[in-house]
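Each chain, letter by letter, is given below.
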Amino acid sequence: MALTSVSSLGRLSVDGFGVFDDMNGVPGFEGNQGGFFSGFNEFATMSAFASIFIGGIFLIIAGIIVFVIISGVRTWSSNNTAALLTLHSTVVAKRTEVSGGGGDSSATTRYYVTFEFDNGERTELIVGGNHYGMMVENDRGMLTYQGTRFKHFERDVQPQSGVSKGQFYT
């Protein structure tokens, strides 16, 4: 009985998604020209939103990559144009920074050493692990660096405590 009342409103066919194709005979649904839902297509709206959202995420990631590359090139260029300096300094601090290492990934360690020059100025440089291990706080010596690049640290030769002229103190 209900089927008879629906057919009296007009011919209705159902497409593959269960949506009525021809709603011209149904009051309030005047086909594609009018009515409350005219011109509203959920899939097209969601598709447009998804395209804009994915495009925005892509632009953000691309912008971050470009920023990192430009910053790296700027630092590299600045270090290349800086003078190669060798100054007397003291190792005043050492620290490490470990990143990664979660799950099955390996960890990365960066080694930092802070040097204080004779005029009181300080600089912190990234050094390799082999140089880091050879330096001790309060070591004095000649630091060679270029911009933010550590080149070399040659420790001042200091006499060992307890030894004088090849003989032990008594």
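Cut-offs used in this document
Residues numbered from 1 in each chain as written. Predicted model: local features only at pLDDT ≥ 70, side-chain atom pairs only at ≥ 80, totals over all residues. Heavy atoms only, no water. Helix = DSSP H or I, 4+ residues; strand = E, 2+ residues; numbered from the N terminus. Buried < 20%, exposed > 50% of the residue type's maximum accessible area, 1.4 Å probe, protein only. Contact = heavy atoms within 4.5 Å. Areas by Shrake-Rupley, 256 points an atom, 1.4 Å probe, with all protein chains shown as cover. Pairing = 2+ DSSP bridges.

Caption draft 1: Fine view of the overall build of the protein chain. Looking only at helices and strands, the protein chain features three helices and seven strands. Traced from its N-terminal end to its C-terminal end, the protein chain shows the element sequence α-α-β-β-β-α-β-β-β-β. For the protein chain, with 170 residues in total, the buried portion stands at 15%. If you take every contact in the protein chain between residues at least 6 apart in sequence, the share linking residues at least 24 apart comes to 39%. Surface accessibility of the protein chain: about 13000 Å² in total, with carbon and sulfur atoms responsible for 61%.

Caption draft 2: Spotlight on the side chain of N79. If you trace the backbone, N79 turns up in helix 2 (residues 42-81). By relative accessible area, which is 5% here, N79 ends up buried. Not counting the four nearest positions on each side in its chain, N79 is found in contact with Q146, G147, T148 and R149.

Caption draft 3: Structural detail: the pairing of strand 1 (residues 84-100). Pairing of strand 1 with strand 4 (residues 140-146) involves seven bridges; the strand directions are antiparallel. The residue bridging T90 from the neighbouring strand is R140, located in strand 4. Bridge analysis of strand 1 against strand 2 (residues 107-117) gives 11 bridges, and the strand direction is antiparallel. Bridge assignment links T96 to a residue of strand 2, and that residue is Y111. In sequence, strand 1 turns back onto strand 2 through a hairpin of six residues, with G101 there showing a positive phi of about 90°.

Caption draft 4: Quick look at the environment of L125. As for its position among the elements, L125 is in strand 3 (residues 122-127). Placed 22 residues apart in sequence, L125 and G147 show a C-alpha to C-alpha distance of 9.4 Å. Leave out the neighbours within four places in its chain, and L125 touches Y111, Y112, V113, F115, L143, Y145, G147, T148 and F150.

By themselves, these observations are geometric and do not establish any function.
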